[in-house]
Amino acid sequence: MEFIVINEKDNVRVSLDNAHKYALRNIKKGEKIIKYGFPIGAATQDISEGEHVHTHNLKTLLSGVCTYAYEPETVKVCKTESPEILAYVRKDGRIGIRNDIWIIPTVGCINKAAEKIGALTGAFCFTHPYGCSQLSGDHLRTQQILSGLIRHPNAGGVLVLGLGCENNNIEQLKSVLGEYDSDRVKFLNAQSCGDEIAEGVKIAEQLKANADRDIRVTVPASKLVIGLKCGGSDGLSGITANAVTGKVTDKICAMGGTAVLTEVPEMFGAEQLLLNRCADREVFDKAVGLINGYKEYFISHNQPISENPSPGNKEGGITTLEEKSLGCVQKGGHAAVTDVLDYGDTAKKAGLNLLAGPGNDMVAVTNLTAAGCNIILFTTGRGTPLGAPVPTVKIASNSVTAEKKKNWTDFDAQTGNEDELFDLLLETANGRQTQNEKNGFREIAVFKDGVTL
């Protein structure tokens, strides 16, 4: 069996064969288990050198809301020149790397009509079950996410399809949407016309004809906004896939680009690494609010904040949330944290942004898309076919998954390096299709917390 020791402070090593942990020396009951140079929990019994370290002898040390000290690190950023890509420049100055036609239903009741219009025109339809019978925060979150999708620069045209009697009717949605490009965004209220399918097809075809006049122009790659996500992680994710993605994040940020990291529960146990990189005290305070606010969300539902990893994560070698989080945040590289976004916000500041939201894969990729990400770098150990509305680059942590699931995988992080992944990012921005695009796998999901009427 071949092993790797990640950090000189570690008292476990990781098998490259099965991604599980094994003791480097004898470990006493109650002693902290160190991986990535940080504690990932404590031993629940004496562990002998060479012994397997996992759920049977390791437990989390996470508790509730914490008090954090601002201990800023000097983030060394070597500014680099930005390569060029070919993209569509929108009226608001943002760039799109695709020019698709999207159909966005305001409410789940109109989903099937939206799907039929999409099937007849080739437009991509993003259905969801919400838009009515929601109150307060849930209602607003649905509107914010749909608004982010409607304004997304990767869409050459958007048909917003409403029913008419829903809480989230078109006029209500417009009040949250704000300014939009009326040449690229059109609205249709199904209850106000005779044949909504025929009318919807007509509008979608008009949008397509308008988008066909758009052309790609040369722009710096620094105008890209990339999203960072992991799903189906294993014990190698933090060593290979997340680590190489972090290096690409650093490249993007060094050239003046923007990266967005979400999955707040998968920051628990590793949050101090991010807090220390906050650009100033204001960003630090917002980041503390992000972390503790999400912990309070768990507590308000009488759930332990350590209720993670998933069964698949554990089978793949991840034991505690601290371990998962320390691997997860590797995707953020070493860039300075320049902003903290609420769920439904749009990224506006260059550098690394932290975005409020859960780790759930479908909700997270939708959240990243609505925040304005042109492309998502999605790392995975176990493999997943899921795709966002935007190109979703699947980065396998190990060659076994990359080989077994070629139809899902875009990059093998066990054999590839950051220069190769960065080149793939640029190629994707220039039009190369990702596996989720080839497969037609594009979905959305909206976060829900409250009452359904």
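Quick caveat: nothing in here was measured; it's all calculated off a predicted structure. (Residues numbered from 1 in each chain as written. Predicted model: local features only at pLDDT ≥ 70, side-chain atom pairs only at ≥ 80, totals over all residues. Heavy atoms only, no water.)

(A) Examining the overall build of the chain more closely. Scanning the chain from N- to C-terminus turns up 13 helices and 21 strands. Against the compact-globule benchmark of 22 Å for 453 residues, the chain has a radius of gyration of 22 Å, which places it among compact chains. Counting only C-alpha atoms and orienting by the principal axes, one finds that the chain spans roughly 75 × 50 × 45 Å. Total accessible area on the chain stands at roughly 18300 Å², and carbon and sulfur atoms take up 49% of it. If the 48 positive side-chain charges of the chain are averaged to one point and the 55 negative ones to another, these points end up 1 Å apart. (Helix = DSSP H or I, 4+ residues; strand = E, 2+ residues; numbered from the N terminus. Rg over C-alpha atoms; globule rule 2.2 N^0.38 Å. Areas by Shrake-Rupley, 256 points an atom, 1.4 Å probe, with all protein chains shown as cover. Lys, Arg positive; Asp, Glu negative; His and termini not counted. Charge placed at Lys NZ, Arg CZ, Asp CG, Glu CD.)

(B) A look at the sheet that holds strand S5 (residues 38–43). The strand order S4-S5-S7 describes an open sheet built from three strands, whose pairing is antiparallel. On the outer flanks of this sheet lie strand S4 (32–35) and strand S7 (58–59), each paired with one strand and no other. Sheet analysis places S4 next to S5, joined by four bridges and oriented antiparallel. Bridging across to S5, Lys32 finds its partner in Ala42. Its contacts with the sheet put helix H9 (residues 321–328) on S4 and S5, and the angle it makes with S5 is roughly 165 degrees. (Pairing = 2+ DSSP bridges. Contact = heavy atoms within 4.5 Å. Axes fitted to C-alpha atoms, helices over the stretch in contact; angles between N-to-C directions.)

(C) Representation of helix H2 (residues 136–150) in the model. Spanning 15 residues, H2 covers 21 Å between terminal C-alpha atoms, matching the ideal 21 Å at 1.5 Å per step. Residues of H2 that are buried: Asp138, His139, Thr142, Gln143, Ile145, Leu146, Ser147, Gly148, Leu149 and Ile150. The elements touched by buried residues of H2 are strand S10 (100–105), strand S12 (155–162), helix H3 (170–177), strand S13 (185–189) and helix H10 (361–370). (Expected span 1.5 Å × (residues − 1). Buried < 20%, exposed > 50% of the residue type's maximum accessible area, 1.4 Å probe, protein only.)

(D) Summary view of the sheet that holds strand S1 (residues 3–4). Pairing within the open sheet is antiparallel, and its four strands lie in the order S1-S2-S3-S6. Every other strand in the sheet has two partners, leaving S1 and strand S6 (52–53) as the edge strands with one partner each. Sheet topology places S1 next to strand S2 (residues 12–15); two bridges connect them, and they run antiparallel. Each residue of the ladder has a partner; that of Ile4, found in S2, is Val14.

(E) Highlighting the nonpolar core. Core analysis: the largest hydrophobic core is formed by 106 residues, its most contacted members being Ile33, Ile85 and Leu354. In terms of residue count, the dominant contributor to this core is helix H7 (residues 281–300) (eight residues). What Ile33 contacts, discounting residues up to four positions off in sequence, is Asn11, Val12, Ile27, Phe38, Pro39, Ile40, Gly41, Ala42, Ala43, Ile47, Val53 and Leu58. (Core = buried A, V, L, I, M, F, W, Y, C linked by side-chain atoms within 4.5 Å.)

(F) Spotlight on the pairing of strand S20 (residues 392–396). Of all five residues in S20, five are buried, a share of seventy percent or more. Here S20 shows a buried face lined by Thr392, Lys394 and Ala396 and a second buried face lined by Val393 and Ile395. Judged from the five bridges that link them, strand S19 (residues 375–380) and S20 form a sheet pairing that is parallel. Looking at the pairing, Ile376 lines up with Thr392 of S20.

(G) Geometry of the environment of Gly238. Along the polypeptide, Gly238 turns up in the loop between strand S15 (225–230) and helix H5 (241–254). Of the residues examined, Gly238 reaches a relative accessible area of 7% and is grouped as buried. Here the alpha-carbon distance between Gly238 and Tyr36, two residues 202 residues apart in the chain, equals 8.8 Å. Ignoring anything within four residues of it in the chain, the contact list for Gly238 reads Tyr36, Ala243, Gly327 and Gln330.

(H) Region of the structure containing the packing of helix H1 (residues 111–121) against helix H4 (residues 196–211). Here H1 crosses H4 at 50 degrees, and the two axes come no closer than 9 Å. In terms of orientation, H1 and H4 fall into the oblique class. Relative to H4, H1 is oriented so that their crossing is right-handed. Where H1 approaches H4, its residues Ala113, Lys116, Ile117, Leu120 and Thr121 are matched on the opposing element by Glu196, Ile197, Gly200, Val201, Ala204 and Glu205. Here the residues of the contact of H1 with H4 sort into six nonpolar, two polar and three charged. (Parallel < 35°, antiparallel > 145°, perpendicular 65-115°, else oblique. Left-handed = near helix turned anticlockwise from the far one by under 90°. Nonpolar A, V, L, I, M, F, W, Y, C, P; charged D, E, K, R; others polar.)

(I) Region of interest: the pattern of salt bridges. The final tally for this structure, using the stated rule, is 25 salt bridges. One salt bridge in this structure joins Lys208 and Asp212, with 2.9 Å as the shortest N-O distance. The exposure class assigned to Lys208 is partly exposed, which follows from its relative accessible area of 41%. For Lys295, the salt bridge goes to Glu271, with nearest N and O atoms at 3.4 Å. One end of the pair, Lys295, is in helix H7; the other, Glu271, is in helix H6 (residues 271–275), with 24 residues separating them in the sequence. Members of the salt-bridge network, linked through shared partners, are Arg98, Asp100, Glu437 and Arg442. (Salt bridge = Lys/Arg side-chain N within 4 Å of Asp/Glu carboxyl O.)

(J) Seen up close, the packing of aromatic side chains. All told, the structure shown has ten aromatic pairs when counted by the stated rule. Relative to Phe126, the ring of Trp102 has its centre 5.3 Å away and its plane inclined at 85 degrees; by these criteria the two rings are edge-to-face. Of this pair, Trp102 sits in strand S10 while Phe126 sits in the loop between strand S11 (124–125) and H2, and the two are 24 residues apart along the sequence. On the basis of relative accessible area, Trp102 is assigned to the buried category, the value being 0%. With centroids separated by 5.2 Å and ring planes inclined at 70 degrees, the aromatic side chains of Tyr294 and Tyr297 adopt a geometry described as edge-to-face. Here the residue Tyr294 and the residue Tyr297 both occupy positions in helix H7, the gap between them amounting to three residues, near one helical turn. Among the aromatic residues, those joined into a cluster by ring pairs are Phe268, Tyr294, Tyr297, Phe298, Tyr343 and Phe447. (Phe/Tyr/Trp six-rings, centres within 6.5 Å; stacked < 30°, edge-to-face > 60°.)

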